[in-house]
Amino acid sequence: MLAVGAALALGLSACGGGGDTGAPKDTSAGAAPGYPITITHKLGTTTIKSAPKRIVALGETDQDVLLALGIQPIAMVKANIGDGVTPWAKSKLTGAMPTLLTAGDNGFDVEQILKLEPDLILANYDYYIDKYWKKLNDIVPTTAYEAGPAEDSWQQLTRQVGKAVGKSAEADKLVSDVEGKITGVKKSNPELTGKKFAFGVTGQTGTIMVLKSTTDTATKLLGEFGMVLPPVIQQLPGESFAVEVSAEKYEVLDQDVLITYYNENKQHQNDVEQNALFKKLKVVSKGANIVVDLTQFYSIRTPSPLGIPYAIDVMVPKLSEAVKKTAT
């Protein structure tokens, strides 16, 4: 996981409010010796005194890494798709379904989390963890982002989670394996290298929120595929990682490929796509506008060792086809 401005559209689009119950009573990390472990991040330090057995993951990527390492959380984030679990996470779940947590406009319900009696909380990808990190960490060891909200690379996050559960060596191998798949993408799809992209999601009526930050997780992943966020987008005004673009500024979207996610809002999609200024864009007229569903959006926006292979299988062919269209 923009319910509240750009932050939610590009950061926590899958979060709502409340949570489902049904978590297993105990889940062991099976961690190797070596505790206590101290993790340093942007909000402070987290000390984990012993191998955790009841882990709550407050970020989609946190839970994906945990599952990729063979560890079942007692609670994790509910995705706003189907039964609340992405296909790549579902393939790794065993036994009882973890409690599925959702966040409101100000993040997760601290009391609900503490009632689960966790002994470790993974919150690197919780956009609002700064609001309640100290409260949680004073009671339960709680991690947080190292660079900033939705800025840590999937490699950083993988290694952070691996360290927290005593599986650093396994996390390093996981990173190496997925990086190998990404290297394969660049070799098999050289047409992507150097191609410029624009990534937009639903804004206000007739506008699009455009990702402009080079430190954002989605930008980094597309960059690993060889693609480039153009300077004209990076230099759009505003301090946030995304900026709202109205119809008269649609021209900044006219790149080699345009990725759009409308949050299932058909009316907003129609308002944008039927606008004459949008239709005249080369990237649109040549058919290089990729409209993604939420699962595809997740695979790019919340890259993880489990989600990236999905993005490679599903999104890379779409990106390849799109840049070939605009190249002609």
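It should be noted that the structure appears before, not after, this text.
Because the structure is a prediction, the values reported are computed rather than measured.

Cut-offs used in this document
- Residues numbered from 1 in each chain as written.
- Predicted model: local features only at pLDDT ≥ 70, side-chain atom pairs only at ≥ 80, totals over all residues.
- Heavy atoms only, no water.
- Helix = DSSP H or I, 4+ residues; strand = E, 2+ residues; numbered from the N terminus.
- Buried < 20%, exposed > 50% of the residue type's maximum accessible area, 1.4 Å probe, protein only.
- Pairing = 2+ DSSP bridges.
- Axes fitted to C-alpha atoms, helices over the stretch in contact; angles between N-to-C directions.
- Contact = heavy atoms within 4.5 Å.
- 1 Å grid on protein atoms, 1.4 Å probe; cavity = no way out; pocket = protein on both sides within 12 Å on 5 of 7 lines; lining within 4 Å.
- Points joined across faces, edges and corners; volume = space filled by probe spheres on them.
- Nonpolar A, V, L, I, M, F, W, Y, C, P; charged D, E, K, R; others polar.
- Polar contact = N/O pair within 3.5 Å; in protein donor to acceptor, adjacent residues only side chain to side chain.

K.L.:
So what exactly am I meant to see when it comes to the overall build of the protein here?
P.N.:
The number of helices and strands found in the protein is 14 helices and 12 strands. Split into buried and exposed, the 328 residues of the protein put 56% on the buried side.

K.L.:
Help me understand the pairing of strand S11 (residues 257-261) in this model?
P.N.:
Look at any regular strand and the pattern is simple: side chains alternate between the two faces of the sheet. Among the five residues of S11, five are classified as buried, and the element is accordingly described as predominantly covered. Because side chains alternate across S11, one face comprises the buried residues Val257, Ile259 and Tyr261, and the other comprises Leu258 and Thr260, equally buried. Across five bridges, strand S8 (residues 197-202) lies against S11 in parallel orientation. By the bridge assignment, Ala198 is partnered in S11 with Leu258. By the bridge criterion, three bridges tie S11 to strand S12 (residues 289-291) in an arrangement that is parallel. Bridge pairing links Thr260 to Val291 in S12.

K.L.:
Which parts of the structure should I look at to understand unusual backbone geometry?
P.N.:
Residue Pro36 follows Tyr35 across a cis peptide bond; omega there is 5 degrees. Following the sequence through the fold, Pro36 ends up in the loop between strand S1 (18-19) and strand S2 (37-41). Phi is positive for Glu117, close to 55 degrees, though the residue is something other than glycine. Judged by relative accessible area, which is 59%, Glu117 ranks as exposed.

K.L.:
How should the sheet that holds S8 be read in this particular structure?
P.N.:
Strand pairs in the sheet, formed through backbone hydrogen bonds, run parallel or antiparallel to each other. The strand order S10-S9-S8-S11-S12 describes an open sheet built from five strands, whose pairing is mixed. In the strand order of this sheet, the two ends are held by strand S10 (242-245) and S12, each with one partner. The mean angle between the axes of side-by-side strands here comes to 30 degrees, regardless of whether they run parallel or antiparallel. Set on the sheet, helix H8 (residues 217-224) makes contact with S8, strand S9 (208-211) and S11; between it and S8 the angle comes to about 145 degrees.

K.L.:
Where do I start with empty space enclosed by the protein in this structure?
P.N.:
Which parts of space are left empty comes out when a probe the size of a water molecule is rolled across the atoms. In this structure, the largest cavity spans a volume of roughly 30 Å³. For the largest cavity, the full set of lining residues is Glu60, Gln63, Asp64, Thr86, Trp88 and Thr302. Considering each element in turn, the lining of the largest cavity owes the most residues, three residues, to helix H2 (residues 60-68). Grouping the amino acids of the lining of the largest cavity by side-chain chemistry returns one nonpolar, three polar and two charged.

K.L.:
Can you walk me through the side chain of His41 in this structure?
P.N.:
Looking at the secondary structure, you find His41 in strand S2. Residue classification places His41 among the buried residues on the basis of a relative accessible area of 8%. Of note is the side chain of His41, whose polar atom sits 2.8 Å from the side chain of Thr46. With residues up to four places along the chain from it excluded, the contact list for His41 reads Thr46, Trp133, Thr142, Thr143, Ala144, Tyr145, Glu146 and Gln160.

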